[in-house]
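The chain contents come next:
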Number of protein chains: 2
Amino acid sequence: MKKLSRRAFLYNTSLASVALGVTPATAEPAKKEIFVHHVFFWLKNPASAADRDKLVEGLKKLAKIPVLRKYYIGYPAATSRGVIDNTYSVSWLTFFNNPEEEEVYQKHPVHLGFVEEYSHLWEKVIVYDSVGPK
Amino acid sequence: MKKLSRRAFLYNTSLASVALGVTPATAEPAKKEIFVHHVFFWLKNPASAADRDKLVEGLKKLAKIPVLRKYYIGYPAATSRGVIDNTYSVSWLTFFNNPEEEEVYQKHPVHLGFVEEYSHLWEKVIVYDSVGPK
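Quick notes on the rules
Residues numbered from 1 in each chain as written. Chains lettered and ligands numbered in written order. Predicted model: local features only at pLDDT ≥ 70, side-chain atom pairs only at ≥ 80, totals over all residues. Helix = DSSP H or I, 4+ residues; strand = E, 2+ residues; numbered from the N terminus. Buried ≥ 20, exposed ≤ 12 C-beta atoms within 10 Å, placed from the backbone. Contact = placed C-beta atoms within 7 Å. Core = buried A, V, L, I, M, F, W, Y, C linked by C-beta atoms within 7 Å. Pairing = 2+ DSSP bridges.

Observations regarding the overall build of chain A
Inference 1: Looking only at helices and strands, one finds four helices and five strands in chain A.
Inference 2: Helices (α) and strands (β) of chain A occur, in sequence order from the N terminus, as α-β-β-α-β-β-α-α-β.
Inference 3: Here chain A holds 134 residues, and 25% of them are scored as buried.
Inference 4: Contacts in chain A between residues far apart in sequence, at least 24 positions, make up 77% of those at least 6 positions apart.

Brief notes about the nonpolar core
Inference 1: The biggest cluster of nonpolar side chains holds 42 residues, and the ones touching the most others in it are Phe41(A), Val90(A), Trp92(A), Phe41(B), Val90(B) and Trp92(B).
Inference 2: Ignoring sequence-local partners within four residues, the contact set of Phe41(B) consists of Leu55(B), Tyr88(B), Ser89(B), Val90(B), Trp92(B), Trp122(B) and Val125(B).

Section: the pairing of strand β4 (residues 90-96) of chain A
Residues and elements named next belong to chain A.
Inference 1: Burial analysis of β4 places seven of its seven residues in the buried class, the great majority of the element.
Inference 2: By the alternation rule, side chains of β4 split into Val90, Trp92, Thr94 and Phe96 and Ser91, Leu93 and Phe95, which are all buried.
Inference 3: Relative to β4, strand β2 (residues 34-43) runs antiparallel, the two being bridged by seven bridges. The residue of β4 that forms the bridge with Phe35 is Phe96.
Inference 4: In the sheet, strand β3 (residues 70-76) pairs with β4 via five bridges, with the strands oriented antiparallel. When the sheet's bridge partners are listed, Ile73 is paired in β4 with Trp92.

With respect to unusual backbone geometry
Inference 1: Geometrically, the link from Gly132(A) to Pro133(A) is a cis peptide bond, its omega value of -5 degrees lying close to zero.
Inference 2: Along the chain, Pro133(A) turns up in the segment after β5 (122-132).

If you want it as structure tokens, here you go:
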């Protein structure tokens, strides 16, 4: 058997997980500090699937802003314990490398255009920005 | 030059991105439906770094529950626009494969033990559960 350096072993192990979709024994912690920008939208017409889809169309435009590293568009899950707020219509969860790049996103013409074109759809927005781990 | 199959090419390209930390041209969308469970904690003593660290100690125990796919522990960013809620103390952002696995997490003895051991630290919790993309 070919002898591998420790680095090569770790590299190959990591690659095998990626390639095979192996579930790690424990969850992966975030490896370096990251900026999480999570937005919840409450629509003016929460029963309108058309309005929801229109908003999602706008979010997909935001997704093209280059500083955005990763995003998730979600809808309320069916869970309903007392501490759960499931009254929003759309969740927009985004990741940035750092606060500076999130600021670039906020001021990007595509983001300003999104607010102009789609903000008539929502009546409330709550944003949670967080950084970590520290 | 060695001729590569398409699969090998994609595999190597993906590996190169992982290995070199290359920033993709656009953000990666979530590829399959996922369950996002985002919890915000408001501490009884928000000025106490000791209480915050204690809570984080507890969250790191939760991180070992096998169904948890990925997690981020965060603190409020320095951003302060009107729609931003930065009054919480700790953000606990977690990913699960599906609602069933999140339910396993909720009922896991480590999670029940966490609530018993650490809930005296917080005065309020808000949870947002979302699923997507759809």
